[in-house]
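If you want the building blocks of each chain, they are given just below.
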Amino acid sequence: MTTNTGAPPWPACGFGPAPVNTGCRGRSVDPYVACLEHLTDQERAAYLTALAPGSALDHRGTVITSVCLVELLAAVVDQNTDTPCPGDSYFGGVTFAGDADFEGVTFAGNADFGGVTFAGDADFEDAAFTGNADFEGVRFSSYANFEDVAFAGNAAFMSVAFTGDADFEGVRFSSYANFGGATFASDAAFKGATFTRHADFDGVRFSSYADFEDVAFAGNAAFASATFTGDTNFAGATFAGYARFWNARFTDAQFLSATFTGRGDFGYSKFTGRADFLGVTFTYDADFRKVTFTRGAHFEDVTFTGYARFMDVTFTGGADFGNATFTGNAAFAKATFSSDADFVGVTFAGYAHFVGVTFAGDAEFGSVTFTGDADFRGSVFSKNASFRRAQIQQAGEWDLVCDGVLQFDEAVFQRPVLVRAAARTVEFRRTHFVSTAHLRLKYATVDLTDAVLEAPTTVAPANTRFITPPGTASTLLDPPRGAALVYPAVKVASVSGVDAAHLVLADVDLIDCHFAGAVHLDQLRMDGHCTLAQPPTGLRRRRLLPVRHTRRSVIAEERHWQHARSADGGGWPAPAAGPTGAGPAALAAVYRQLRKSLEDGKNEAEAADFYYGEMQMRRHNRARPGGERALLAFYWAVSGYGQRASRAFGWLLAAMATTLAGMVLWGLPVDDPKPLSQGDVVAGHVTLVTDTPPPVNPKGPLTGRVTGKRTEKAGRVVVNSVIFRSSGQNLTTAGTYLEMASRLTEPVLLGFGLLAVRSRVKR
């Protein structure tokens with residue numbers, strides 16, 4: 001019996017003592033005054049006997065027990081189908097005191113259950129509603145079973161409260177289905193249900209497991225502002241119309257292999273648990289604007305045929321788009337990836353818009369295909385970013401800021417490209433540049449090992465400013481206070497294996513660059529100021545001999561080879577990854593090609609250092625003949641291979657001083673011999689014979705031989721010897737041989753010195 005202070009809008013039973021209440025609110029059964037609950041046994045029997053299949057049932061506000069419900073439905077059983085078949089049914093405000101069993105019932109007319117309270121289980125399994133079904137405001141206190149129910153008309157479940165499990169598996173909604181504002185306190189099962197027209201779940205609260213697996217939404221599906229506190233399963237669901245999950249709240253949500261034929265709108269939604277969209281197909285637009293994924297977001301193997309919007313999305317956990325396909329445009333502008341982002345194997349057939357994106361974790365774009373334009377302007381990668389084996393098929397500009405390693409290993413750039421990147425390390429190992437490439441870098445160490453360059457490729461510093469989104473910090477562009485500043489120059493780590501015919505290096509640091517293994521280094525262009533390493537400074541000891549290295553440009557491979565040949569390294573740095581294996585023969589070839597490259601560029605002065613390095617490697621190559629190595633050793637000792645003027649002129653001065661001393665002490669006679677003439681007079685004829693006596697070797701102490709006159713004569717002999725002329729001075733035998741030796745060696749030393757000067761001033 002239900003009571004209320006207000007009068008119901010139907011003829012009420014009124015059973016009950018006054019003035020405690022106004023009596024029972026149950027609908028009186030015609031032609032009686034009492035409701036079904038309060039009819040006498042004879043009256044109830046007469047009423048039930050009068051019912052037939054298709055009879056209308058109006059028991060609004062009545063309290064109906066399980067026994068009474070069984071009797072009522074038995075009275076309208078269709079003998080042909082052996083199932084209850086009432087006509088219009090009005091149960092609004094009814095309280096079903098026990099279990100309510102409507103299994104297999106066919107409601108031939110409209111069915112009104114608005115405001116009903118089911119105190120026990122409610123079983124509508126296999127029921128059929130041929131007209132409209134109204135369950136608005138119903139309270140299900142226990143299990144609600146609608147499995148395989150068929151709703152031919154509208155089905156209204158607005159503001160329904162399901163306290164126990166709710167089972168709608170296999171339900172067929174042929175018309176409008178409205179669950180707006182409903183509350184599911186326990187599990188809700190809609191597996192295999194079919195919604196032929198619009199399905200409205202706006203504002204629904206699912207406090208436990210919500211199962212929509214394999215559900216077919218033929219019309220629009222609205223879940224705006226719905227709350228899914230428990231796990232949610234839309235695996236295999238089909239959304240033929242507009243699927244609106246705007247501002248919904250999910251914990252763990254699964255949409256595995258679901259199909260969105262119409263627009264899928266998840267804008268402003270929040271996923272506090274795992275979000276699984278594996279294998280989903282979005283035939284039309286997919287909208288995830290300003291969505292928050294607190295834990296993992298999985299979009300592996302998803303197909304986005306239309307416009308995919310992920311602008312301003314926040315991925316707090318990992319984001320996985322592995323092998324997804326974006327046939328239309330993909331917009332991730334201003335998105336935030338707080339953890340790792342995985343785009344491995346993704347295909348972007350349209351415009352890939354990543355402007356202003358923040359990647360706080362590692363970003364994997366390996367094997368990605370960019371068929372359309374890709375725009376990363378203003379994006380910041382706080383850790384590593386990998387585009388390994390990516391296929392970039394359109395011309396364009398790539399602006400990237402990466403605080404870690406920026407990797408393009410084995411990537412293919414099909415069209416002209418400009419890569420502007422501020423990064424600690426940029427790797428282009430085995431990268432294939434089919435067309436022109438300009439690599440404008442900042443702070444970076446770039447590795448071009450085995451890169452394939454089919455067109456001119458330039459590596460140079462980026463002189464323009466990099467712009468990052470407001471509130472985004474980069475340790476490269478905005479180092480923390482007190483942190484060491486990063487070396488701003490661009491460093492090239494390796495060009496090994498590269499065909500350098502198309503390579504241009506401009507204003508880069510080549511101190512640690514590996515050249516061995518590259519081909520056509522003689523066609524490499526080094527423009528601007530390219531910095532190379534220098535040998536160790538100061539005196540060093542090798543075995544028992546002091547060693548001082550001459551200043552010159554040295555490639556990294558020689559530094560590592562020099563380190564390996566000395567027990568203590570000799571001041572040369574050790575290779576970062578163990579010995580390189582390049583020996584003197586290979587290094588000589590590298591130096592030779594680099595020298596030719598600079599000579600072809602009219603940079604003779606810088607080419608001289610590479611000539612010096614080439615000769616050094618030839619001298620140290622034990623595979624060369626001993627005579628050649630000895631000759632090179634002599635060439636190195638007297639003039640630094642014709643490149644060290646100071647050494648050549650030093651030896652020249654030493655030779656001249658030696659010659660001068662030898663002449664003063666032993667080469668000049670005591671006095672210049674005077675000619676002596678002797679003659680005979682025979683028969684009036686005079687015969688004279690003039691002879692010069694041999695020079696007299698000086699005698700006495702050596703100090704006595706050093707006089708100004710003798711020094712002046714010796715000086716003339718020395719100067720004439722330098723210019724390969726005879727002095728005409730009378731000399732002793734020792735002086736004659738000394739002059740011959742000086743005339744042979746001193747012009748050569750002079751020539752070496754002049755050659756060295758020319759190599760430094762030649763353009």
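Check the entry above for the structure.
Residues numbered from 1 in each chain as written. Predicted model: local features only at pLDDT ≥ 70, side-chain atom pairs only at ≥ 80, totals over all residues. Heavy atoms only, no water.

Moving on to the overall build of the protein. Counting secondary structure elements, the protein contains 10 helices and 75 strands. Pairs at least 24 apart in sequence give 27% of the contacts found in the protein among residues at least 6 apart. By element, 53% of the accessible surface of the protein is carried by carbon and sulfur atoms, the whole surface being about 33100 Å². (Helix = DSSP H or I, 4+ residues; strand = E, 2+ residues; numbered from the N terminus. Contact = heavy atoms within 4.5 Å. Areas by Shrake-Rupley, 256 points an atom, 1.4 Å probe, with all protein chains shown as cover.)

For strand β68 (residues 457–461), the buried fraction is high: four of the five residues fall into the buried class. Where strand β65 (residues 437–442) meets β68, five bridges bridge the pair, whose relative direction is parallel. Residue L439 lies in a different strand from β68, and its bridge partner there is V459. Sheet analysis places β68 next to strand β70 (residues 503–506), joined by three bridges and oriented parallel. Bridged to V459 within β70 is L505. (Buried < 20%, exposed > 50% of the residue type's maximum accessible area, 1.4 Å probe, protein only. Pairing = 2+ DSSP bridges.)

Here we take up the pattern of salt bridges. Applying the stated criterion across every chain, the model contains 26 salt bridges. Across the pair E427 and R429 runs a salt bridge whose closest N-O atoms are separated by 2.7 Å. What makes R429 partly exposed here is its relative accessible area of 26%. Here R559 and D512 are joined by a salt bridge, their closest N and O atoms 3.2 Å apart. In this pair, R559 sits in helix α3 (residues 556–564) while D512 sits in the loop between β70 and β71 (525–527), placing the two residues 47 residues apart along the sequence. One salt-bridge network, in which partners are shared between bridges, spans R27, D30, D58 and R60. (Salt bridge = Lys/Arg side-chain N within 4 Å of Asp/Glu carboxyl O.)

Our focus in this paragraph is the side chain of E558. Mapped onto the elements of the fold, E558 is located in helix α3. Residue E558 is classed as buried on the basis of its relative accessible area of 0%. When near neighbours in sequence (up to four residues on either side) are disregarded, E558 contacts R552, L587, Y591 and M617.

Below, the discussion takes up the nonpolar core. Core analysis: the biggest nonpolar cluster contains 180 residues, and F113, F124, F135, F179, F190 and F277 have the highest contact counts within it. Going through the elements one at a time, α1 (41–50), α2 (66–74), β61 (396–407), β63 (417–427), β65, β70, α4 (584–600) and α5 (604–620) are the ones with two or more residues in this core. By residue number, the principal contributor to this core is α4, which donates six residues. Apart from the residues within four sequence positions on either side, F113 is in contact with F91, G92, F96, F102, F107, F118, F124, F129, D134, F135, E136 and V138. (Core = buried A, V, L, I, M, F, W, Y, C linked by side-chain atoms within 4.5 Å.)

Of all the positions in α2, only C68, L69, L72 and L73 are classed as buried. Down the axis, α2 shows its buried residues gathered within 130° of arc, on one side only. Of the residues in α2, the exposed ones pointing more than 90 degrees away from the buried face are V67 and V70. (Arc of directions from axis to C-beta.)

As a further point, take unusual backbone geometry. In the segment running from D30 into P31, the intervening peptide bond is cis, with an omega of 5°. Within the secondary structure layout, P31 lies in the segment before α1. For D126, which is not glycine, the phi torsion reads 65° and is therefore positive. With respect to the element layout, D126 can be found in the loop between β11 (122–123) and β12 (128–129). For D126, a relative accessible area of 42% corresponds to the partly exposed category. A positive phi is found at D148, a non-glycine position, where the angle reads about 60°. Here D148 shows up in the loop between β15 (144–145) and β16 (150–151). On the basis of relative accessibility, which here comes to 29%, the residue D148 falls in the partly exposed class.

As a further point, take the packing of aromatic side chains. Scanning all chains against the criterion turns up 138 aromatic pairs. Judged by centre distance (4.9 Å) and plane angle (10°), the ring pair of F271 and F293 falls under stacked. With F271 in strand β38 (residues 270–271) and F293 in strand β42 (residues 292–293), the pair connects residues that are 22 residues apart, well separated along the chain. Measuring from ring centre to ring centre gives 5.9 Å for F348 and F354, while their planes differ by 80°; the resulting arrangement is edge-to-face. Comparing F348 with F354, the two get one shared label, buried. Between the NZ or CZ atom of R619 and the centre of the ring of W636, over which it lies, the distance is 4.2 Å. Sitting over the ring of Y612, R644 keeps its end group 4.5 Å from the ring centre. (Phe/Tyr/Trp six-rings, centres within 6.5 Å; stacked < 30°, edge-to-face > 60°. Lys NZ or Arg CZ within 6 Å of the ring centre and 35° of its normal.)

This part covers the environment of T325. Along the chain, T325 falls in strand β48 (residues 325–326). The exposure class of T325 is partly exposed, given its relative accessible area of 26%. Filtering out sequence-adjacent residues up to four positions away, T325 remains in contact with V302, T303, F304 and T347.

The next subject is α4. With 17 residues, α4 should reach 24 Å at 1.5 Å per residue; the first-to-last C-alpha distance of 24 Å fits that figure. Of all the residues in α4, the buried ones are P584, L587, A588, V590, Y591, L594, R595, S597 and L598. Of the residues one or two after α4, K602 is the one with positive phi, at around 60°. (Expected span 1.5 Å × (residues − 1).)

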